[in-house]
Protein chains: 2
Amino acid sequence: MTDSWANPAPDPPATSGADLLLELTGPGLRAGLTEALRKAVRTGRLAPGTRLPSSRSLAADLGVARNTVANSYAELIAEGWLTARQGSGTRVARRAAPRRVAPAAPGTGSTPSRPTYGLVPGSPNLAEFPRTQWLAAARRALTAAPHDAFGYGDAPGRAELRVALADYLPRARGVYASPDRVVICSGFHHGLTLIARVLRARRVRAVAVESYGFGVYRDALTGAGLRTPPLYVDEQGARTDDLARLPGVGAVLVTPAHQYPTGVALGPDRRLAAVDWARATGGLILEDDYDGEFRYDRQPVGALQGLDPERVVYFGTASKSLAPGLRLAWMVLPEELVPEVVAAKGQVDWASGLEQLTLAEFISSGAYDRHLRAMRLRYRRRRDQLVAALAQRAPGVRVTGLAAGLQVVVELPRGTERSVVAAAARQGLEVTGMAQFRYEVADSGWRLPEQDALVVNYAAPPESAWAGALDALCRVMP
Amino acid sequence: MTDSWANPAPDPPATSGADLLLELTGPGLRAGLTEALRKAVRTGRLAPGTRLPSSRSLAADLGVARNTVANSYAELIAEGWLTARQGSGTRVARRAAPRRVAPAAPGTGSTPSRPTYGLVPGSPNLAEFPRTQWLAAARRALTAAPHDAFGYGDAPGRAELRVALADYLPRARGVYASPDRVVICSGFHHGLTLIARVLRARRVRAVAVESYGFGVYRDALTGAGLRTPPLYVDEQGARTDDLARLPGVGAVLVTPAHQYPTGVALGPDRRLAAVDWARATGGLILEDDYDGEFRYDRQPVGALQGLDPERVVYFGTASKSLAPGLRLAWMVLPEELVPEVVAAKGQVDWASGLEQLTLAEFISSGAYDRHLRAMRLRYRRRRDQLVAALAQRAPGVRVTGLAAGLQVVVELPRGTERSVVAAAARQGLEVTGMAQFRYEVADSGWRLPEQDALVVNYAAPPESAWAGALDALCRVMP
């Protein structure tokens, strides 16, 4: 770009106020004028180099005070929209030609036709979020909050919430906890990412994962540079006794209370094998206790973490017990790991201080226990209805993994999974086949048994949609 | 570990219920028994291998129903605390010896003696958080929220908040915005980390930064594998005309409205030079508009982003305008960048859906504008009091950077900065010297002018501490 100001081309007369066609909008005359001028420059209506009328003349055209125009010009000059040079008046600034912008890649979440019913796993019943009780807790929390609750928080999270969890978790989940071992995170995925970074910094190269699971979490581990060799899952959960045979594995990610998504509980021997392995090798057990609160036929199975709090990272979350939209989860860490996780979190808090105080108040007031009790009854009733309906209308299928959690496994005859999922979709019912969770490792020569099945979330549908969803499910059963 | 179960050692008699010294605590008899047994095992009171009394005998000792004990044993067996083998009764499970745990590294945030007054930059006045209005907005948001507000959100953030910002930002900050360009993040640091990852994936190798600034943000860039060559800052802000001379630079991080911490505004020519560079090279400008709303002597200087929305990533935040504790910030992105940033965010939302809806409601109801107007008046009065007090009691110092923001620069005589900071600390006043913000690059042979100065945050102290803080500041002036 040549500096055309140094040697200006012959000057066309200044644009008049009427030519500018300025529409004055927005609050305040001057703000409106400024924004109108910006827009005119941005859209090209006022081309680079165009000389603007003097502030006196534009003010007269527009019927406003001269100062209004002069201040507006000054602001736009400060921002780089206009330039003023002695003897040359006020002009639209020249800039290099804009680069041609590539069109945005398509597919940022287009959902062509929403299904009528959804039984896809992952979410609790959002319609049952306890709005009134939550707002009451928020009011109490906001009223009592110290000023520093509004400041940059410390990386471990609000002390009030860590104290409430250190009281709740031992009582409800058999977790060995103290507030200084608890670190708050914005969902399990965030926590797992932090641990992955810590493991990588400790030169761990691989984290064993269950052969059935949620791919996003494996991706979080591989994204941190970790390999993810699979541990076979059978009716006793992950075969943790195989850990010793996996080379270079420094940690193992498991879902002991209710394997995701097969629904089996990790057997006692497998629990001991995992702890023995961790103690013998210095390895870590990453315990994802995503829905440990929901167990229907007896008391919840306590967390594995209690067996050795120095070898287990316990992950809990409000995503299933309350709502994923809160983006609140927690880790209970081995003591030696706390400083590294805090450092990985970047020394600042990530979750809203107010939201943390609200959850702390919600837990310590007993509202959390009450909500869980109520949801346990509702989810259990749903599960019983699902089992009864399938027994009656599709007696050929077997339902497993139903002692706990928000979903069951509906086993299908061999070779029918894909066609059932497709048939359901045609009827407006969204369901997930087990294939989505099967983790085949390409280079291992290692094959999972191919039990055709659906993973059915009976918890999520709102009450109004439940009967219809259940009916639709029964209708597509082979 | 040898399998001592296969060939048991001669058996001592089973422990009696009285010997167990179980204290039954907690809600529910069985839960209390279970937790008491867990605790006894954990603390070593019940050693591995110890044989427990039969459920019948323990029930009799404790005066509870036999089923209570049997269920408790069953639960602890499922969790791996106890084992049961035919003919051998119920025993405490054997496990490998625990590994000795290294003591946690010290220094996880010990603050020996809290200063009486603090004028450290970074925070707005937390005591002025509009609790009542925020709660009112939360109530309206919670009442009106669709169920999906409680679900896993989409990575860009809640649409309601993106729409509110796309209305507010053009009006208040001259930003060119539409909801589909806005991405919500958990603070500026989070947003910067996402952009750094996108730049790195685009094979950018360096991001130029201002020669004065906040080290944590440079660390975020270097942590993503980017070099951070400095751009000199003078009284017109960053010397963006030097960008073309920096090899391999694909982006530049600037604070145009109010350079942090020197307080100068980026001059019009520097704005144009930055945009010209970005257009000519395909580079990106990262505009950190951290306190753009606070300008006292005239209208705020609009955002640089308006000059070329396809070359500028605009960052705004609630951290200065409302409270850092909300952990809510926003980016307005070039259209082509949106999919990459959404992917870097990991396809899920990070911030609470409710908190986002509350802020959306707070903005669109006009409460945000009202709060900003009120705070502008209060901060301006504070600034005027600071300037007047220094003029009277320390006429030798010069105050700069005072047209905007939450802090000023108090220039000190050469060679006095360290002693002034130390003297203040002895009097219980925490202040920050300019040296903390100076970015010297070791291998560049490149030296900043050494203006001794303090960066004084007059906004943060609560009303009750302001007079004392101001007096203490004046007393330590040389």
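Worth saying up front: this structure is predicted, and the values here are computed from it rather than measured.

## What to know about empty space enclosed by the protein
Here is step 1: For the structure on display, the rule yields 10 cavities of 30 Å³ or more.
Here is step 2: When its volume is computed, the largest cavity comes out at roughly 160 Å³.
Here is step 3: Here the residues of the lining of the largest cavity sort into 10 nonpolar, two polar and two charged.
Here is step 4: There is about 70 Å³ of room inside the second largest cavity.
Here is step 5: Forming the boundary of the second largest cavity are 14 residues, of which A:Trp350, A:Ala351, A:Ser352, B:Ala351 and B:Ser352 lie nearest the centre.

## Considering the packing of aromatic side chains
Here is step 1: Under the definition given, this model contains 24 aromatic pairs over all chains.
Here is step 2: Plain terms: the ring middles of A:Phe129 and B:Phe150 are 4.2 Å apart, the flat faces sit at 15 degrees to each other, and that makes the pair stacked. Placement of A:Phe129 in the loop between strand S3 (117-118) and helix H5 (131-144) and of B:Phe150 in the loop between helix H5 (131-144) and helix H6 (159-173) is noted, with the two residues assigned to different chains.
Here is step 3: We classify A:Phe129 as buried; its relative accessible area is 5%.
Here is step 4: Owing to a relative accessible area of 1%, B:Phe150 belongs among the buried residues under this scheme.
Here is step 5: A centroid spacing of 5.4 Å and a plane angle of 55 degrees characterise the contact between A:Trp134 and A:Phe362, whose relative ring orientation is tilted. Of this pair, A:Trp134 sits in helix H5 while A:Phe362 sits in helix H12 (residues 353-364), and the two are 228 residues apart along the sequence. Residue A:Trp134 shares its accessibility class with A:Phe362, and that shared class is buried.
Here is step 6: One aromatic cluster is present, built from ring pairs that chain together B:Phe188, B:Phe214, B:Tyr217, B:Tyr260, B:Tyr290, B:Phe315 and B:Phe437.

## Comments concerning the packing of H5(A) against H12(A)
Residues and elements named next belong to chain A.
Here is step 1: Between H5 and H12, the shortest axis-to-axis distance is 8 Å and the interhelical angle comes to 115 degrees. As summarised for this structure, H5 and H12 are arranged roughly perpendicular, according to the angle between their axes. Of the two elements, H5 crosses H12, and the hand of that crossing is right-handed. For the pair H5 and H12, contact is made by Gln 133, Trp 134, Ala 137, Ala 138, Arg 140, Ala 141 and Leu 142 and by Leu 354, Glu 355, Leu 357, Thr 358, Leu 359, Glu 361 and Phe 362, respectively.
Here is step 2: Tallied by class, the residues present in the contact of H5 with H12 amount to nine nonpolar, two polar and three charged.

## Regarding the relation of the copies chain A and chain B
Relating one copy of the chain to the other takes a rotation about an axis and a shift parallel to that axis.
Here is step 1: Each copy of the sequence occupies a distinct position, and chain A is placed on chain B by a rotation of 180 degrees and an axial shift of 0.0 Å, giving an RMSD of 0.0 Å. A rotation of that kind, with that shift, is consistent with a two-fold axis. Across chain A, the smallest distance between a C-alpha and the rotation axis is recorded for A:Ala351, namely 3.5 Å.
Here is step 2: Most of the interface of chain A is mirrored in chain B, where 100% of its interface residues again form contacts.

## Considerations on the sheet that holds strand S13 (residues 398-400) of chain B
Residue and element names in this part refer to chain B.
Here is step 1: Strands sit in the order S13-S14-S17-S16 across an open sheet of four strands; the sheet is antiparallel. Of all the strands in the sheet, just S13 and strand S16 (432-433) have a single pairing partner and so form its edges.
Here is step 2: Bridge count for strand S14 (residues 407-411) against strand S17 (residues 453-457) is five bridges, and the pairing is antiparallel. Across the sheet, Val 410 pairs through a bridge with Leu 454, a residue of S17.

## Here we look at the state of the cysteines
Linking two cysteines covalently via their sulfur atoms produces the bond known as a disulfide.
Here is step 1: Taken as a whole and judged by the stated rule, the model has zero disulfides over all chains.
Here is step 2: Cysteine B:Cys185 shares no disulfide, and the gap to the nearest cysteine sulfur, in A:Cys185, comes to 19 Å.
Here is step 3: B:Cys185 sits in the buried class, given a relative accessible area of 1%.

## Here we look at the pairing of strand S5 (residues 206-210) of chain B
All names here are of chain B.
Here is step 1: The buried fraction of S5 amounts to five of the five residues, a majority that puts the element mostly inside the structure.
Here is step 2: Burial along S5 is two-sided: the residues Ala 206, Ala 208 and Glu 210 and Val 207 and Val 209 are all buried.
Here is step 3: Pairing between S5 and strand S6 (residues 230-231): two bridges, direction parallel. Each residue of the ladder has a partner; that of Glu 210, found in S6, is Leu 231.
Here is step 4: Note on the crossover from S5 through helix H8 (residues 215-223) to S6: the handedness is right-handed.

## A few points about the environment of A:Asp234
Here is step 1: Within the secondary structure, A:Asp234 is located in strand S7 (residues 233-234).
Here is step 2: A polar contact of 3.1 Å, which involves the side chain of A:Asp234, links it to the side chain of A:Arg239.

## A look at unusual backbone geometry
Residues and elements named next belong to chain A.
Here is step 1: With an omega dihedral of 5 degrees, the bond running from Tyr 260 to Pro 261 counts as a cis peptide bond.
Here is step 2: The residue Pro 261 is located in the loop between strand S9 (249-254) and helix H9 (268-281) in this model.
Here is step 3: Look at Arg 203: it is not a glycine, yet its phi comes out positive at around 70 degrees.
Here is step 4: Located in the positive-phi region is Arg 327, a residue other than glycine, with phi close to 50 degrees.

## Observations concerning the domain arrangement of chain A
Residues and elements named next belong to chain A.
Here is step 1: Domain parsing of chain A yields domain 1 (16-92), domain 2 (117-125 + 370-475) and domain 3 (130-365).
Here is step 2: For domain 2 versus domain 3, the distance between C-alpha centres works out to 25 Å.
Here is step 3: At the junction of the two partners, domain 2 supplies 30 residues and domain 3 supplies 30 residues.
Here is step 4: Interface area, domain 2 with domain 3, both sides summed: about 2,800 Å², of which 60% is carbon and sulfur.
Here is step 5: Along the contact surface separating domain 2 from domain 3 lie zero salt bridges.
Here is step 6: For the side of domain 2 that touches domain 3, the secondary-structure elements that each account for two or more residues are helix H13 (367-393) and strand S14 (407-411).
Here is step 7: Here the side of domain 2 that touches domain 3 takes eight residues from H13, the largest share from any one element.
Here is step 8: For the side of domain 2 that touches domain 3, a count of residues per class yields 19 nonpolar, six polar and five charged.

Parameters at a glance
- Residues numbered from 1 in each chain as written.
- Chains lettered and ligands numbered in written order.
- Predicted model: local features only at pLDDT ≥ 70, side-chain atom pairs only at ≥ 80, totals over all residues.
- Heavy atoms only, no water.
- 1 Å grid on protein atoms, 1.4 Å probe; cavity = no way out; pocket = protein on both sides within 12 Å on 5 of 7 lines; lining within 4 Å.
- Points joined across faces, edges and corners; volume = space filled by probe spheres on them.
- Nonpolar A, V, L, I, M, F, W, Y, C, P; charged D, E, K, R; others polar.
- Phe/Tyr/Trp six-rings, centres within 6.5 Å; stacked < 30°, edge-to-face > 60°.
- Helix = DSSP H or I, 4+ residues; strand = E, 2+ residues; numbered from the N terminus.
- Buried < 20%, exposed > 50% of the residue type's maximum accessible area, 1.4 Å probe, protein only.
- Axes fitted to C-alpha atoms, helices over the stretch in contact; angles between N-to-C directions.
- Parallel < 35°, antiparallel > 145°, perpendicular 65-115°, else oblique.
- Left-handed = near helix turned anticlockwise from the far one by under 90°.
- Contact = heavy atoms within 4.5 Å.
- Least-squares fit on C-alpha atoms with pLDDT ≥ 70 in both.
- Pairing = 2+ DSSP bridges.
- Disulfide = S-S within 2.5 Å.
- Right-handed = clockwise from strand over helix to strand, strands pointing away.
- Polar contact = N/O pair within 3.5 Å; in protein donor to acceptor, adjacent residues only side chain to side chain.
- Domains from an automatic or database assignment.
- Buried area = accessible area lost by both parts, 1.4 Å probe.
- Salt bridge = Lys/Arg side-chain N within 4 Å of Asp/Glu carboxyl O.

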